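Here are the chains, one letter per residue:
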Amino acid sequence: MTERTELERELLAKAAQYFPGNSTGNTNYPKELNFLIREGKAGRVWDVSGNEYVDWLMGSGPMILGHAHPAVTEAVREAVGRGSTFFANNDQAVMLAEELVRAVPCAEKVRFTTSGTDACFQAMRVARAYTGKEKVLKFEGGYHGTSDYAMMSVFASASVEFPQAETNSAGIPHALSDLMLISQFNDLDTTAAIVEAHKDELAAVIVEPLQRTLAPNPGFLDGLRKITADAGVLLIFDEVVTAFRLAYGGAQEFYGVTPDLCSVGKIMGGGYPLAAVLGTGDVMSVYDRSAVSSDSYVDQIGTLNGSPVACAAGLATLAELRKDGVYDRLHDVGGRIRQALANACTEEGFAMQSVGEDAIFDIYFADQPVQNFRDGLAADPAPLSKLNAGLLQRGIIKSWPQKFYPSVVHSDADVDQTVAAIREVVPTLRD
């Protein structure tokens, strides 16, 4: 086991005292493996005791350039020196909005928020305001933040029939479940039937184009685009994770499908609290009081929306991502880890499904392909938990329970250390 200094043990005890559930709400490592990160640099982090880890969690995705990237750090220092926030338009926000419109296919207008949760919530509200319809369809197992509407059928029991929604958090009014319809990811037939039956009351379909770690089947996103367009229903891509990760233009560029609206966050904020709703000019006009009636106007205010510091970090991050060879490197790094996982499991005789894309991926211990949430329920979670724990004990951090987030700064040494740990851990998973 990793050694803990007295200071870290004291801080861990205080975390248990002050944090409900001993967590800020994000990570939930087993108590015996819990640790406190002190600092990060490039593709590695160090805990309070000084133990070093190769980091494939990367802040849950935003740190695609690694921790404390010099260009981002310098941009933030300069921005802080000019003032932290103004509650008014600022030059950094305007320049970042321009780059988002240049990069993302669906983007003609931009409205900043401070979190992916809020961006997804706002996108659904915009769709309702623009169409005058109240219902939204999402996919079982899809995660769009923690708003009341989004927390439907995320951790579903799979015991109800589509399109019925299940609330997945206490404190959500049950009446809201009637406003959310649920379908199955990668299932065009079921989705088409639901959309056709409810198109007169359906404002939008919201989807992670890559749902958690599940890649879309060929034709699924194209089919979804056609189904929604034919029915007069807006299509929202939740690209909080995939924007600037799968490609510079996000999943829209990578898969070649353009929605009406999308939410972006994580990478575009350079690791700072920043997200945005992007969309076509006509749909986004609901944010313009002078352009729409009072019945269609969406009032959206946030003290830190378009924070100049966060926008400066985002501009610096995107400038680095535009450099030659960046995405080739990202996909190469991820592909090497994916292949190592697959090889180690195959050699040990484990039934395993590799899911996702090289820029974001994981595995399921299952003998059948995993294409949707219910397929994933048939997988055995025990080996994956053991794999995660074994890697952490060997100084390798990943998202718990699932997701590897490669970065462009993970070195060959980081990859080699991770592959070596995988090859050590996988043979122990039956113990």
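The rules behind these values
Residues numbered from 1 in each chain as written. Predicted model: local features only at pLDDT ≥ 70, side-chain atom pairs only at ≥ 80, totals over all residues. Heavy atoms only, no water. Helix = DSSP H or I, 4+ residues; strand = E, 2+ residues; numbered from the N terminus. Buried < 20%, exposed > 50% of the residue type's maximum accessible area, 1.4 Å probe, protein only. Areas by Shrake-Rupley, 256 points an atom, 1.4 Å probe, with all protein chains shown as cover. Lys, Arg positive; Asp, Glu negative; His and termini not counted. Charge placed at Lys NZ, Arg CZ, Asp CG, Glu CD. Expected span 1.5 Å × (residues − 1). Salt bridge = Lys/Arg side-chain N within 4 Å of Asp/Glu carboxyl O. Pairing = 2+ DSSP bridges. Axes fitted to C-alpha atoms, helices over the stretch in contact; angles between N-to-C directions. Disulfide = S-S within 2.5 Å.

### Brief notes about the overall build of the chain
Right, so step 1: Counting its secondary structure elements, the chain contains 13 helices and 13 strands.
Right, so step 2: Projected onto its principal axes, the C-alpha coordinates of the chain cover approximately 65 × 55 × 45 Å.
Right, so step 3: Within the chain, the fraction of its 431 residues that count as buried is 56%.
Right, so step 4: Just so you have it, the chain exposes about 18,300 Å², and 50% of that area is on carbon and sulfur atoms.
Right, so step 5: Taking the 36 positively charged and 55 negatively charged side chains of the chain as two groups, their mean positions are separated by 3 Å.

### Description of helix H10 (residues 326–347)
Right, so step 1: The terminal C-alpha atoms of H10 lie 32 Å apart, and with 22 residues this matches the ideal 32 Å at 1.5 Å per residue to within 8%.
Right, so step 2: Positive backbone phi, at 80 degrees, marks Gly349, one or two positions downstream of H10.

### Points about the pattern of salt bridges
Close approach of charged atoms allows side chains with opposite charge to pair.
Right, so step 1: If you walk through the whole model with that rule in mind, you get 22 salt bridges.
Right, so step 2: Between Arg44 and Asp414 there is a salt bridge whose closest N-O contact spans 2.6 Å. A residue pair is termed long-range when its members are at least 10 positions apart, and Arg44 in strand E2 (residues 44–47) and Asp414 in helix H13 (residues 412–425) qualify at 370 residues.
Right, so step 3: Two residues, Arg423 and Glu347, come together in a salt bridge whose shortest N-O distance is 2.6 Å.

### What about the sheet that holds strand E9 (residues 261–264)?
Right, so step 1: Taken in spatial order, the 7 strands make up an open sheet running E4-E10-E9-E8-E7-E5-E6, and their pairing is mixed. Each edge of the sheet is formed by a strand with only one pairing partner; in this case those strands are strand E4 (109–113) and strand E6 (180–183). Across the sheet, the mean angle from the axis of one strand to that of its neighbour is 20 degrees, orientation sign disregarded.
Right, so step 2: Sheet topology places E4 next to strand E10 (residues 275–279); 5 bridges connect them, and they run antiparallel. Each residue of the ladder has a partner; that of Lys109, found in E10, is Gly279.

### What about the pairing of strand E1 (residues 37–41)?
Right, so step 1: As paired strands, E1 and E2 are joined by 4 bridges and run antiparallel to one another. When the bridges of E2 are listed, Glu39 appears paired with Trp46.
Right, so step 2: Between E1 and E2, which pair antiparallel in sequence order, lie 2 residues; one of them, Ala42, sits at a positive phi of approximately 55 degrees.

### Observations regarding the pairing of E6
Right, so step 1: Alternating positions in E6 separate into two faces, Met180 and Ile182 on one and Leu181 and Ser183 on the other, with burial throughout.
Right, so step 2: As judged from the 4 bridges shared by strand E5 (residues 135–139) and E6, these two strands associate in the parallel manner. Directly across from Lys138, in E6, lies its bridge partner Ile182.

### Overview of the state of the cysteines
Right, so step 1: Summed over the entire model, instances satisfying the criterion amount to 0 disulfides.
Right, so step 2: You can see Cys120 has no disulfide; the closest cysteine sulfur is in Cys262, sitting 9.7 Å from it.
Right, so step 3: There is no disulfide at Cys311, and the cysteine sulfur nearest it, in Cys262, is 16 Å away.
Right, so step 4: Relative accessible area serves as the criterion here: at 0%, Cys311 is assigned to the buried category.

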